[in-house]
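Residues per chain are reported as follows:
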Amino acid sequence: MSSIAKPKQFQLPRIFPRPKSHKGLWYWLATVDHKKIGTMYGLVAFFWFLVGGIEALLIRLQLGQAESSILSPEVYNQMFTMHGTTMVFLVVMPLSAAFFNWIVPLQIGARDVAFPRLNALSLWVFIFGTILMNISWFVGGAPNGGWFGYPPNSSLGFNPGNGITYWVMGLNILGVASIAAGLNFIVTIINMRAPGMHMMKMPVFTWMTLITSVLIVLALPILAVAGIQLTADRIYGTNFFNSEAGGDPIFWQHIFWLFGHPEVYILILPAMGIVSEVLPTFSRKPLFGYTAIVFAGIVIGFMGWFVWSHHMFTVGLGPAANTAFTITTMLIAIPTGVKIFNWISTLWGGSIKLNTSMLFSIGFIAMFTIGGLSGVTHAASPSDAQQQDTYYIVAHFHYVLFGGSIFAIFSGIYYWWPKFTGWLLDEKLGKINFVLMFIGFNLQFGPMHWLGLNGMPRRIYTYTEDMGWEDSNLAATLGGLIIAISVLVFLGNIILSKRKKQNSGGDPWDARTLEWSIASPPPHYNFVQIPKVKHIDDWWYRKYPELLEGNNQNIKKQKIEVEDSSNVDESKIHMPDLSYYPLIIGVGLTIAALGVMYTYALVTIGLIMVFWGSIGWSTEPVNEDSKEHH
Amino acid sequence: MTKKKLKQIFFPLFNSLFLIFFISCGFGFDSPMSTFDAQGPVAQLQKDLFLFVFWLAVVVFFLVEGAILYASYRYRQKDEKLPVQIHGNAKLELMWTILPSIIIVIIAVPTVMGIWKTQVMPDEEKSIIVDSIGHQWWFEFRYPEEEIVTANELHIPENKDVIVNIESQDVIHSFWIPKIAGKIDMVPNHQNKLWIKADSPGIYYGQCAEFCGIAHALMKFRVVVHTKEDFEEWKNDMRTPPAALNPGSEEDEGRKLFIGNCSMCHTHDSYKKAAYHKEIQNQSNRWEEWKKDKEYSAIVSAPNLTHFGNRLTIGAGLKENNLETLSNWIENPDNIKIGTRMKNHAAIYNSDDQFLTSNEIDQIAKYLLSLKPDRVSVTTYTNK
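Residues numbered from 1 in each chain as written. Chains lettered and ligands numbered in written order. Predicted model: local features only at pLDDT ≥ 70, side-chain atom pairs only at ≥ 80, totals over all residues. Heavy atoms only, no water.

A.B. asks: Hey, could you go over unusual backbone geometry for me, with residue numbers and the actual values?
C.D. replies: Residues A:P151 and A:P152 are joined by a peptide bond in cis, for which omega reads 0°. Inspection of the secondary structure puts A:P152 in the loop between α4 (116-135) and α5 (163-191). Of note, the amide linkage connecting B:Q136 to B:W137 takes the cis form, showing an omega dihedral of 5°. Inspection of the secondary structure assignment puts B:W137 in the loop between β1 (128-135) and β2 (138-143). At B:N152, a residue that is not glycine, the phi angle is positive and equals roughly 60°. (Helix = DSSP H or I, 4+ residues; strand = E, 2+ residues; numbered from the N terminus.)

A.B. asks: Explain the interface of chain A and chain B to me, and be specific about the residues and the numbers.
C.D. replies: Chain A puts 108 residues into the contact, and the matching count from chain B is 103 residues. For the chain A and chain B pair, buried surface summed over both sides reaches about 8900 Å², with 68% attributable to carbon and sulfur atoms. At the boundary of chain A with chain B, the tally comes to two salt bridges. One salt bridge in this structure joins B:K291 and A:E244, with 2.0 Å as the shortest N-O distance. Where chain A touches chain B, the interface holds 25 residue pairs in polar contact (both at pLDDT 80 or more). Examining the composition of the side of chain A that touches chain B, we find that 16 residues originate from one element, helix α9 (residues 319-347) of chain A, more than from any other. (Contact = heavy atoms within 4.5 Å. Buried area = accessible area lost by both parts, 1.4 Å probe. Salt bridge = Lys/Arg side-chain N within 4 Å of Asp/Glu carboxyl O. Polar contact = N/O pair within 3.5 Å; in protein donor to acceptor, adjacent residues only side chain to side chain.)

A.B. asks: Let's hear about the domain arrangement of chain B: which residues, and what values?
C.D. replies: Residues and elements named next belong to chain B. As assigned here, chain B comprises domain 1 (28-77 + 85-119) and domain 2 (126-384). Just the C-alpha atoms count here: the centres of domain 1 and domain 2 sit 42 Å apart. Each side of the interface is counted separately: domain 1 has 15 residues, and domain 2 has 15 residues. Interface area for domain 1 against domain 2, summed over the two sides, is near 1300 Å², with a carbon-plus-sulfur share of 60%. Broken down residue by residue, the surface that domain 1 buries against domain 2 is led by P32, M33 and Q39, which jointly contribute 47%. The interface formed by domain 1 and domain 2 contains one salt bridge. (Domains from an automatic or database assignment.)

A.B. asks: Outline the packing of aromatic side chains, supporting the account with residue identities and numerical values.
C.D. replies: Aromatic ring pairs are defined here through the distance separating the ring centres and the angle between the ring planes. Residues and elements named next belong to chain A. Applying the stated rule across the entire model yields 79 aromatic pairs over all chains. Geometrically, the ring pair formed by F16 and Y580 is edge-to-face, given 5.5 Å between the ring centres and 80° between the ring planes. You can see F16 sitting in the segment before α1 (24-30) and its partner Y580 sitting in the loop between α15 (538-543) and α16 (581-597), a full 564 residues away along the chain. F16 sits in the partly exposed class, given a relative accessible area of 36%. Ring plane angle 65° and centroid distance 5.7 Å describe the contact between F100 and F185, whose orientation is recorded as edge-to-face. A residue pair is termed long-range when its members are at least 10 positions apart, and F100 in helix α3 (residues 73-107) and F185 in helix α5 qualify at 85 residues. (Phe/Tyr/Trp six-rings, centres within 6.5 Å; stacked < 30°, edge-to-face > 60°. Buried < 20%, exposed > 50% of the residue type's maximum accessible area, 1.4 Å probe, protein only.)

A.B. asks: Could you give me a rundown of the side chain of B:T325, with the residues and numbers involved?
C.D. replies: All names here are of chain B. By the secondary structure assignment, T325 is in helix α7 (residues 323-331). Assessed through its relative accessible area of 15%, T325 is described here as buried. A distance of 2.7 Å separates a polar side-chain atom of T325 from the backbone oxygen of E320. Ignoring any residue separated from it by four or fewer positions in sequence, one finds T325 in contact with I314, K319, E320 and I336.

A.B. asks: Hey, could you go over the sheet that holds strand β9 (residues 202-207) of chain B for me, with residue numbers and the actual values?
C.D. replies: Residues and elements named next belong to chain B. The three strands lie next to each other as β4-β10-β9, forming an open sheet whose pairing is mixed. Taken across any chain shown, the strands that pair with only one partner, and hence form the sheet edges, are β4 (153-157) and β9. Here the strands of the sheet are splayed against their neighbours by 25° on average, with no regard to which way each runs. Relative to strand β10 (residues 220-226), β9 runs antiparallel, the two sharing six bridges. Following the sheet pairing, I203 is matched in β10 by V224. (Pairing = 2+ DSSP bridges. Axes fitted to C-alpha atoms, helices over the stretch in contact; angles between N-to-C directions.)

A.B. asks: Tell me about α5(A), and please be specific about residues and values.
C.D. replies: Taking 1.5 Å per residue as the helical rise, α5(A) with its 29 residues ought to reach 42 Å, and the 42 Å between its terminal C-alpha atoms agrees with that figure. Most of α5(A) is tucked away, with 23 of its 29 residues classed as buried. (Expected span 1.5 Å × (residues − 1).)

A.B. asks: Can you explain the domain arrangement of chain A? Please cite residues and give values.
C.D. replies: All names here are of chain A. For chain A, the assigned domains are domain 1 (248-499), domain 2 (503-565) and domain 3 (589-624). Taken together, the contacts link 19 residues of domain 1 with 21 residues of domain 2. For the pairing of domain 1 and domain 2, the buried interface totals around 1500 Å² over both sides, and the portion due to carbon and sulfur atoms is 59%. Applying the counting criterion to the domain 1 and domain 2 interface returns one salt bridge.

A.B. asks: So what about the pattern of salt bridges? Which residues, and what values?
C.D. replies: Between side chains of opposite charge, a pair can form as their charged atoms come close. Scanning the entire structure with this criterion turns up 31 salt bridges over all chains. A:R117 serves as the salt-bridge partner of A:E620, at 2.9 Å between the closest nitrogen and oxygen. Of this pair, A:E620 sits in the segment after α17 (600-619) while A:R117 sits in helix α4; the two residues are 503 residues apart in sequence, bridging distant segments of the chain. Take A:E620: its relative accessible area is 4%, and that puts it in the buried class. By relative accessible area, which is 16% here, A:R117 ends up buried. The shortest N-O distance in the salt bridge between B:K292 and B:E289 comes to 3.1 Å. In this pair, B:K292 and B:E289 are both assigned in helix α6 (residues 275-292), three residues apart and thus about one turn of the helix distant. Taking the relative accessible area as the measure of exposure, B:K292 reaches 65% and is therefore exposed. Looking at B:E289, the relative accessible area reads 33%, which means it is partly exposed.

A.B. asks: Tell me about the environment of A:G492, and name the residues and values.
C.D. replies: All names here are of chain A. Mapping G492 onto the fold places it in helix α14 (residues 470-500). Residue G492 is classed as partly exposed on the basis of its relative accessible area, which comes to 23%. Measuring from C-alpha to C-alpha, the distance between G492 and G446 comes to 27 Å, with 46 residues separating the pair along the chain.

A.B. asks: So what about the packing of helix α7 (residues 249-283) of chain A against α9(A)? Which residues, and what values?
C.D. replies: Between two packed helices, what matters for the description is the angle formed by their axes and the separation of those axes. All names here are of chain A. The geometry of α7 relative to α9 is characterised by a closest axis approach of 9 Å and an angle of 20° between their N-to-C directions. Considering the angle they form, α7 stands roughly parallel to α9. In this structure, α7 meets α9 at a crossing whose hand is left-handed. Contacts between α7 and α9 involve Y265, L269, M272, V275, S276, L279, P280 and S283 from the first element and I332, T336, K339, W343, T346 and L347 from the second. Across the contact of α7 with α9, the residue classes break down as nine nonpolar, four polar and one charged. (Parallel < 35°, antiparallel > 145°, perpendicular 65-115°, else oblique. Left-handed = near helix turned anticlockwise from the far one by under 90°. Nonpolar A, V, L, I, M, F, W, Y, C, P; charged D, E, K, R; others polar.)

A.B. asks: Got a sec to walk through the sheet that holds strand β3 (residues 148-151) of chain B? Specific residues and values, please.
C.D. replies: Residue and element names in this part refer to chain B. Pairing is mixed across the open sheet formed by five strands, whose spatial order is β3-β2-β1-β5-β8. Only two strands of the sheet have a single partner each, and these edge strands are β3 and β8 (192-196). Strand-to-strand, the axes of this sheet are offset by a mean angle of 25°, without reference to chain direction. Contacts between α6 and the sheet are confined to β1, β2 and β3, with β2 contributing the most and set at about 150° to the helix.

A.B. asks: Just give me the short version of a nonpolar patch on the surface, but keep the residues and values in it.
C.D. replies: Residue and element names in this part refer to chain B. Judged by side-chain polarity, F52, L94, I98, L99, I102 and I106 come together as a nonpolar surface patch covering roughly 550 Å² of accessible area. Mapped onto the elements, I106 comes out in helix α3 (residues 90-119). We classify I106 as partly exposed; its relative accessible area is 43%. (Patch = residues over 30% accessible without salt bridge, like charges linked within 9 Å, V, L, I, M, F, W, Y side chains within 5 Å. Areas by Shrake-Rupley, 256 points an atom, 1.4 Å probe, with all protein chains shown as cover.)

A.B. asks: Could you give an account of the nonpolar core, with specific residues and numbers?
C.D. replies: One finds A:F89, A:W343, A:F364, A:F407, B:L154, B:F175 and B:I196 to be the most contacted residues of the largest nonpolar core, which totals 270 residues. By residue number, the principal contributor to this core is α3(A), which donates 20 residues. In this view, B:L154 contacts B:V130, B:F141, B:Y143, B:F175, B:I177, B:I196, B:R222, B:V223 and B:V224; residues no more than four positions away in its chain are not counted. (Core = buried A, V, L, I, M, F, W, Y, C linked by side-chain atoms within 4.5 Å.)

A.B. asks: Please provide a residue-by-residue account of the confidence of the model for chain A, values included.
C.D. replies: Mean pLDDT for chain A: 94, with 98% of residues reaching 70 or above. Taking the mean pLDDT of every element in chain A, the minimum, 93, falls on α1(A) and the maximum, 98, on helix α2 (residues 34-63) of chain A. (pLDDT = per-residue confidence, 0-100.)

A.B. asks: Any details on the pairing of β10(B)? Residues and values, ideally.
C.D. replies: Residues and elements named next belong to chain B. With respect to burial, β10 is a largely interior element, seven of its seven residues being buried. Side chains K220, R222, V224 and H226 project from β10 onto one buried face, and the interleaved F221, V223 and V225 project onto a second face that is buried too. Looking at chain direction, β4 and β10 are connected through five bridges and run parallel. What sits directly across from I156, in β10, is V225.

Below you can see the structure in the form of structure tokens.
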């Protein structure tokens, strides 16, 4: 390869040597392997899932009784703000990103993502962004303006202190990570598919990743603009949202929800992708209506841009606007319904294996349906005037985001765990995990429908006994505790299963897509040989070639082993070297963001680090010239 | 999968769902804020529309969930044989695209009609006009035609169209009387209108529904719906001076203390002629003063206390208005409501030489309770 003499390129002098070893802390800090990055995304996001869960539990404990005083109102407001922000930006998005990272390159038969170092940048910027946002707890109070941060309540005049600024800076930093990751996955999916895998042969999870990534790239910049405007209002005295100086707080709501509604689909489309992989595998038949499911996903992603004002039905935009947004919102039910019916038809006539992963996926359809139906009841904007900002809405979106996204993520964890690690999670504990979570979830969020319709507003830290809300709230709190136990069972399952280490092999589920055609865990280069793809679910048809001949009875499975990577000459496989520059940029960005609140000295230091990292990165070769020539 | 295993999984699921169902049914719909107990045409329309969509959703719910449970049970794995491989069915898929579309149209028609019915205001000439202004954390009510101003208690007659002009002075709040009408936001510099109409006399609960800061949970109000005659009397009352006080009585001492310590922010004599416009000007001045120095401003926006003795509640709908709660409030508003500007700004809480003794506090409370016209026949209404 290096027989052609390259001109000598400028390279920024290194302060630290480029790490080479594939072990130890340095490796993890400088890795560009999509699987390692996926693992770190998953671990960090799961940590925040526990934190966000504890925040939820504290909220539930406070509301379990009328007039209780477990949390002070100040802390309560911080708690629900951070619970929402955490679960959206620090949990569901990065857990989806963990799956994108781990699974997409494997599903499309690639060795890595298109820009491995950019991928590392996303990870580090994300990690430091989460830390930045949560530092606020310890330096004068966490953000307390709600996850929607409406001004004027979030403006400096009504909200002095740095909480809200931490929130905005954190969101902006996380936005950088998401946009970089979104671009990376768009390029990866469009350019790096294995030969023969044209778009309509892509696995549905990869399709949903692509749609989600497009939404991320288009939606997150809107939030960034809103965030910068709010920061400017708070720090530099601008008046974007200050109505007394001609600004407009409603303007914030429009831009926030113009981001915020596509964001909802950013949270749910990956879940739909996961379910669309799990259901066919454990029904042992193809996804019913692949094309319809893919196009329904595209239509949902597209229509998600035209519904934002349904979050603002009570703002007073007038009957014409409310009518328009009522209708667009109702229309979204149609592609969503198509997906649900196709999933059920995938089950129909199958040979269903009810293991933990499958139970979570079936639970997803069942719970997501409830969330979708309650969604239609407040798409009807006159009734929404009674439901807006009540617990009915809280119930609705938890059925979508917990019963939907989180159930699907658990399904994905149980499904791909053997691919991640090479060993299986325990099924018995898995089922206990599912049953407890299912019961706890419904006990927590089911009664909230009643609460909302009986007039309980959201975001109140207390209520009086005579309102008649106590029983439902107590039930909800008990449900929350049951969910907590189910998460403990899940953690216990990991620990106990790790001890047993029941070998899974490369393809424990007799699954369909390319990631199951290689060893578990996969070698760092993934595929010894890049596969040539002929069909949707190519791996499945390699195992059951008779199906392609139109046979439908007494199909025999071909004995095909997953790819053996034990005797591979790794030097022949071209993989990028490690790089610590993404980490430096991530740290630099965070220091600069802190400096915006405290001192320009920190901004300068941070920007110097970002500059150093960028120049170093752009002048560093993908591979160091190795001494041996081949 | 054996039958026993199935039982292990499905039985707890069904049991839990039934449990939740029964618990939920036991909750009933009788909360003072229940949207099920509609008491006016707007709330009634909103409730009817909800129930219409709800019952359609229930049908879809049982079909879909039934299909999921049936398929998961009926097609559970029995042997290692591969099931028949089906990739799709164009006719079926077309059907479940079209069928929901039809359901959407069926829902959309009454919805759109409902939007126009509830959002197009009735004839202003034949309606009562009320301005409601949201403040952190209380509601101001003004009757521009009658030149009456009050706080935290909206008085309207039964069976009469009322147009509420809704605005906010500071942050965004939301105006909501669940039994009478769905909410609309109170936005600074942005006037919204809400049509309300109550079927029968009684006391209704209202509450702020948009997160507005530390005391959001404690920002409530009451709506007193009068009979036609009583409403006229109430209006007259609001223009009548309160009963005279005996000089030297406790109430009279309280009056002096009130004037000295409280009256810069709390107007309590809007029954006077031309007091209405003065009060609007005063509220606006208080607001400007507070904005100039949010930490130490000596005056802040505060509820009008005219005829406070007739008020049902204190602290914006928080506690019953009586001597005990009122003294407790004056002694330290934090006892009842966190975050009040009164606690943060009034000299009696913040300046060593102006603290009040408990006796003085009692006198002020007694004075405030004496603020009502000397008239016997006040109809008492019950909570709805």
